[in-house]
Amino acid sequence: MRIVVTGAGGLVGSALARREGVVGLSRAQLDIREPSGLGTYDPELVINCAAQANVDAAEADPEAAFEINARGAGALARRCAELGARLIHLSTDYVFDGRATRPYGEHDPINPINAYGRSKAEGERLVREAGGTIVRTSWVFGAGGRGFVSQVLARLAAGEEVRAASSQQGCPTFVEDLVDALLALARLPMLPPILHVVGDPPTTRLDQARAIAELVGASPERIFDTPAPTGAAPRPAYCVLGTTALRALGITPRPWRDGLARVVT
Ligand SMILES: NC(=O)c1ccc[n+]([C@@H]2O[C@H](COP(=O)([O-])OP(=O)(O)OC[C@H]3O[C@@H](n4cnc5c(N)ncnc54)[C@H](OP(=O)(O)O)[C@@H]3O)[C@@H](O)[C@H]2O)c1
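Residues numbered from 1 in each chain as written. Predicted model: local features only at pLDDT ≥ 70, side-chain atom pairs only at ≥ 80, totals over all residues. Heavy atoms only, no water.

Draft legend 1. The overall build of the chain, seen in detail. Counting its secondary structure elements, the chain contains nine helices and 12 strands. Its C-alpha atoms give the chain a radius of gyration of 18 Å, within 12% of the compact-globule value 18 Å for 265 residues. A separation of at least 24 residues holds for 81% of the contacts in the chain among residues at least 6 apart in sequence. Here the chain displays about 11700 Å² of accessible surface, and carbon together with sulfur accounts for 51% of that area. Of the side chains in the chain, 28 bear a positive and 29 a negative charge, and the two mean positions are spaced by 1 Å. (Helix = DSSP H or I, 4+ residues; strand = E, 2+ residues; numbered from the N terminus. Rg over C-alpha atoms; globule rule 2.2 N^0.38 Å. Contact = heavy atoms within 4.5 Å. Areas by Shrake-Rupley, 256 points an atom, 1.4 Å probe, with all protein chains shown as cover. Lys, Arg positive; Asp, Glu negative; His and termini not counted. Charge placed at Lys NZ, Arg CZ, Asp CG, Glu CD.)

Draft legend 2. Representation of the sheet that holds strand β1 (residues 3-6). Sheet architecture is open: six strands sit in the order β2-β1-β3-β4-β5-β10, paired in parallel fashion. Single-partner strands in this sheet number two, and they are β2 (22-25) and β10 (194-196). Taken pair by pair, the neighbouring strands of this sheet meet at an average axis angle of 20°, ignoring direction. With four bridges joining them, β1 and strand β3 (residues 45-48) adopt parallel strand pairing. Bridged to Ile3 within β3 is Leu45. Packed on one face of the sheet, helix α6 (residues 175-187) meets β1, β2, β3, β4 (86-92), β5 (133-137) and β10 and runs near 150° to β4. (Pairing = 2+ DSSP bridges. Axes fitted to C-alpha atoms, helices over the stretch in contact; angles between N-to-C directions.)

Draft legend 3. The site of the ligand, seen in detail. Around the ligand sit 25 residues in total, of which Leu11, Val12, Arg27, Tyr116 and Lys120 are the nearest. Take Tyr116: an N or O atom from its side chain is 2.6 Å from an oxygen atom of the ligand. At 2.9 Å, a backbone N or O of Val140 approaches an oxygen atom of the ligand. Relative to its unbound accessible surface of 900 Å², the ligand loses 80% to contact with the protein. Elements that contribute at least two residues to the shell around the ligand include exactly α1 (11-17), β4 and α4 (115-129). (Near = heavy atom within 4 Å. Polar contact = N/O pair within 3.5 Å; in protein donor to acceptor, adjacent residues only side chain to side chain.)

Draft legend 4. Focus on the pairing of β1. A two-sided burial pattern is seen for β1, the buried positions comprising Ile3 and Val5 on one face and Val4 and Thr6 on the other. In this sheet, β2 lies alongside β1 in parallel orientation, the contact comprising four bridges. Each residue of the ladder has a partner; that of Val5, found in β2, is Gly24. Each parallel crossover has a hand, and for β1 linked through α1 to β2 it is right-handed. (Buried < 20%, exposed > 50% of the residue type's maximum accessible area, 1.4 Å probe, protein only. Right-handed = clockwise from strand over helix to strand, strands pointing away.)

Draft legend 5. Region of interest: unusual backbone geometry. The amide bond that connects Asp200 to the next residue, Pro201, takes the cis arrangement and shows omega of -10°. Inspection of the secondary structure assignment puts Pro201 in the loop between β10 and β11 (203-204). In this structure, Asp42 takes a positive phi of about 45° despite not being glycine. Structurally, Asp42 can be placed in the loop between β2 and β3. Residue class for Asp42 comes out partly exposed when judged on its relative accessible area of 45%.

Draft legend 6. Structural detail: the packing of aromatic side chains. Applying the stated criterion across every chain, the model contains four aromatic pairs. Ring plane angle 55° and centroid distance 6.3 Å describe the contact between Tyr104 and Tyr238, whose orientation is recorded as tilted. Highlighted residues: Tyr104 in the loop between β4 and α4 and Tyr238 in the loop between β12 (223-225) and α8 (244-248), separated in sequence by 134 residues. Just as Tyr104 is buried, Tyr238 falls in that class too. Linked through ring pairs, Phe96, Tyr104 and Tyr238 together constitute an aromatic cluster. The lysine or arginine in question, Arg205, covers the ring of Trp139, its NZ or CZ lying 3.8 Å from the ring centre. Its guanidinium or amino end placed over the ring of Phe148, Arg205 lies 4.3 Å from that ring's centre, counting from NZ or CZ. (Phe/Tyr/Trp six-rings, centres within 6.5 Å; stacked < 30°, edge-to-face > 60°. Lys NZ or Arg CZ within 6 Å of the ring centre and 35° of its normal.)

This is the structure:
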C-alpha cells in the first residue's frame with residue numbers, strides 16, 4: 001500500500017517516515033494548506049501529522065493555529081477525497097475540557113479550553129466532513145524534541161529541580177508505539193470514524209517525571225509537585241483517553257514505561 005505522511009519533519013511524522021515503504025513529505029515538500037501536489041505521490045492512504053502543535057504559541061496566535069490545524073486539515077482531507085485516498089488525521093486529547101472523572105470515549109462531547117484545542121476540534125470536524133478518520137493521541141514522546149520528557153531530562157542533566165503537576169492526568173505515548181498502531185490501522189480495510197491511540201496506564205505528570213528520574217538514577221527528591229501546569233495556555237487537567245475501540249480492533253495499548261526506557265537509556 002502506498003502510504004504518504006504529511007508533516008514528516010515533526011516528532012510523529014519523522015518516526016513514521018523512517019518506516020519501510022512510507023513516503024514522508026516535509027512542510028517544504030507539501031504544505032497541507034495547498035495540497036494540490038499530493039496527486040504526484042499517488043497515495044492510497046495519507047497520514048496527516050502536519051500541525052501547529054505548540055500549545056502556547058497557538059494561544060499567542062490562534063489565527064495561525066487555525067490556518068494549519070483547521071483549514072489546512074480540511075483542505076488536505078478534501079484533496080484526499082478527490083484522489084480516492086483514505087486519510088488518517090492525528091488529533092489530540094486537548095479537544096476535551098479535562099473535567100471528566102473517567103476516561104474519555106471517542107464520542108464524548110468535545111469542549112476545548114485553549115486555542116490549540118479549538119483549532120484541532122475544528123480540524124476534526126472538517127476532516128470528518130470529508131470522510132477522513134480521526135486518531136486522537138496524547139503526551140507523545142520520543143528521543144529528542146521539545147516535549148515534556150526532553151525538558152525533564154535536560155533539567156535533571158543540568159542538576160536542576162523539576163516541577164510537574166500531580167493534578168494533570170493523562171496517557172504518555174511512546175512515538176514508536178503510536179507509529180506501530182497507525183501502521184496496523186492502515187492495514188485494516190475499514191476504520192471507525194474516531195479512535196484513541198495512547199500508551200498505558202494513565203498517570204500524572206508528577207509520576208511521569210519521577211519515572212524519568214528513576215531511569216536516569218536521579219534522586220526523586222529533585223522532583224516537586226506544582227499546583228498548576230507550566231505554560232501560558234490553560235491545560236485540561238484530566239486527559240485520559242479510553243481505548244475500548246482500539247482494543248476491539250485487536251490493538252493493545254503499550255506500556256509507556258517501556259518506551260521511556262528506550263528513550264532514556
Ligand atoms: N506531541 C504530542 O504530545 C501530541 C499530543 C497529541 C496530539 N498530537 C498531534 O499529533 C500530530 C503530530 O504532532 P507532532 O508532535 O509530531 O508535532 P510537531 O513535531 O510539531 O510536527 C508538526 C510538523 O508539521 C509541520 N507543519 C506545520 N505546518 C504545516 C503545513 N502547513 N503543511 C505541512 N506541514 C506543516 C511542521 O513543520 P515546521 O516545523 O516547519 O513548522 C512540523 O514538522 C499533530 O496533529 C498533533 O496535534 C501531538
